[in-house]
Structure formats: C-alpha cells, structure tokens
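Summary of the model geometry
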Amino acid sequence: MQPPLSAGSRPSPGRVLVLARHPLLRRALSALVTLDAGLALCGEAADALDGLAAVRRLQPDLVITELPFDVFRGLALLRQIVAGQPGLPVLVVCWHDQARWADAAHQAGARACVARHEIGTRLPGLIRQVLGAAC
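Because the structure is predicted, anything quoted here is derived from the model rather than measured. (Residues numbered from 1 in each chain as written. Predicted model: local features only at pLDDT ≥ 70, side-chain atom pairs only at ≥ 80, totals over all residues. Heavy atoms only, no water.)

Considerations on the overall build of the protein
Tallying secondary structure elements over the protein gives five helices and five strands in all. Listing every helix and strand of the protein by position from the N terminus yields β-α-β-α-β-α-β-α-β-α. For the protein, buried positions account for 44% of its 135 residues. Sequence separation of at least 24 residues holds for 66% of the intrachain contacts in the protein that already meet a minimum separation of 6. Here the protein displays about 7200 Å² of accessible surface, and carbon together with sulfur accounts for 57% of that area. (Helix = DSSP H or I, 4+ residues; strand = E, 2+ residues; numbered from the N terminus. Buried < 20%, exposed > 50% of the residue type's maximum accessible area, 1.4 Å probe, protein only. Contact = heavy atoms within 4.5 Å. Areas by Shrake-Rupley, 256 points an atom, 1.4 Å probe, with all protein chains shown as cover.)

Structure representation (structure tokens):
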C-alpha cells in the first residue's frame with residue numbers, strides 16, 4: 001500500500017522483487033520493471049531460499065516469479081510466499097503449458113500469470129493491473 005500523498009508530492013514507485021532461476025529471464029524481467037518510471041526493482045533472487053529471504057527482508061509491493069520446468073517446486077515456492085506475506089501480490093511467468101499451470105498458479109495464490117513468450121507485450125500491463133488491484 002502506498003502512503004497518502006501530500007500536496008505536490010509524487011507517488012513512490014511500486015517495489016518489485018524478481019525471482020527467477022534462469023539468469024537471462026531474471027535480467028529480462030528486471031529490465032522490463034526498470035523501464036517503467038512508476039516501478040522500482042528492489043531485488044532479485046535465483047533460488048527459492050534466497051527468494052523467500054528477500055521477500056521478508058525487502059518487503060516488496062509485488063513479486064514476479066517463474067513457474068519453471070520443475071513446476072511443483074515453483075508452486076511450493078508460490079504457496080510459501082503467499083502464506084508468509086498474505087496480501088502480497090505475486091505475478092507468475094509460466095514456462096510451458098500455460099493454460100494448465102496458470103490455473104494451478106492461481107489456486108496457489110498467484111494474482112496473474114503470463115506465458116514466457118508474452119512477457120514483452122503483456123507483462124507491463126499485468127504489473128499495473130496487479131499493483132492497482134492491491135491498493
């Protein structure tokens with residue numbers, strides 16, 4: 001949640017944490033976040049343990065995580081994030097069979113899902129949608 005604005009002040013950027021195992025995906029997601037002046041990349045993590053610690057330490061406004069080839073571990077991480085930080089919106093990037101796993105991700109607590117091949121076109125709008133719904 002953003003604090004109330006005083007006269008003449010600008011809203012603080014939405015703080016986004018990126019959790020992705022693959023370095024190229026992590027860089028791509030982070031770059032998309034930093035392109036938006038209304039967002040601030042507050043951190044990155046490459047594995048579940050570092051990701052959970054970063055969520056607690058950094059207190060982001062949004063987490064973007066991947067549902068990798070090991071989908072069941074990805075769902076477990078998603079459930080842990082949601083259980084540890086109720087109300088924290090999580091946006092999931094699905095690597096494969098997006099329709100099937102998007103439903104599982106939503107059931108585990110994701111606010112939105114995007115297929116990996118759509119991150120360049122759909123991710124910025126989904127971030128805004130998810131952050132807007134969280135306020």
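After presenting the structure, the write-up continues.
Concerning the confidence of the model for the protein
Detailed reading of the predicted coordinates is not advisable wherever pLDDT is low. For the protein, mean pLDDT is 85; residues scoring 70 or higher make up 86% of the total. Between residues 1-10, whose pLDDT stays under 50, and residues either more than four places distant or in other chains, the model counts ten contacts. (pLDDT = per-residue confidence, 0-100.)

Some points on the sheet that holds strand β5 (residues 112-115)
With parallel pairing, five strands are arranged side by side in an open sheet as β2-β1-β3-β4-β5. Of all strands in the sheet, those with a lone pairing partner are β2 (39-45) and β5, marking the two edges. Averaged over all pairs of adjacent strands, the angle between their axes in this sheet comes to 25 degrees, without regard to strand direction. Sheet topology places strand β4 (residues 90-94) next to β5; four bridges connect them, and they run parallel. Each residue of the ladder has a partner; that of Leu91, found in β5, is Ala112. The strands touched by helix α1 (residues 23-35) are β1 (14-19), β2, β3 (62-67) and β4; relative to β2, the strand with the most contacts, the crossing angle is about 165 degrees. Sitting on the sheet, helix α3 (residues 71-84) touches β1, β3 and β4, and the angle it makes with β3 is about 165 degrees. (Pairing = 2+ DSSP bridges. Axes fitted to C-alpha atoms, helices over the stretch in contact; angles between N-to-C directions.)

Side note on the nonpolar core
Grouped together as the largest cluster of nonpolar side chains are 25 residues, with contacts concentrated most on Val63, Leu67, Leu75, Ile81, Val92 and Ala105. Mapped onto this core, the elements with two or more residues apiece are β1, β2, α2 (48-58), β3, α3, β4 and α4 (98-108). Judged by nonpolar contacts, the second largest core, of 21 residues, contains Val18, Leu32, Val93 and Trp95. (Core = buried A, V, L, I, M, F, W, Y, C linked by side-chain atoms within 4.5 Å.)

Here's the deal with the packing of α2 against α3
Two elements in contact, α2 and α3, have axes whose closest approach is 10 Å; the angle formed by their N-to-C orientations is 15 degrees. Between α2 and α3, the interaxial angle falls into the category roughly parallel. Considering only the axes of α2 and α3, their crossing is right-handed. Facing α2, whose interface residues are Ala48, Leu52 and Val55, α3 presents Leu77, Gln80 and Ile81. Within the contact of α2 with α3, the residues separate by chemical class into five nonpolar, one polar and no charged. (Parallel < 35°, antiparallel > 145°, perpendicular 65-115°, else oblique. Left-handed = near helix turned anticlockwise from the far one by under 90°. Nonpolar A, V, L, I, M, F, W, Y, C, P; charged D, E, K, R; others polar.)

Side note on the environment of Asp50
Structurally, the position occupied by Asp50 is in helix α2. In sequence terms Asp50 and Leu19 are 31 residues apart; their C-alpha atoms lie 8.8 Å from each other.

Considerations on unusual backbone geometry
Here Gln59, not a glycine, exhibits a phi torsion of approximately 50 degrees, which is positive. Mapped onto the elements, Gln59 comes out in the loop between α2 and β3. According to the relative accessible area criterion, Gln59 is partly exposed, its value standing at 44%.

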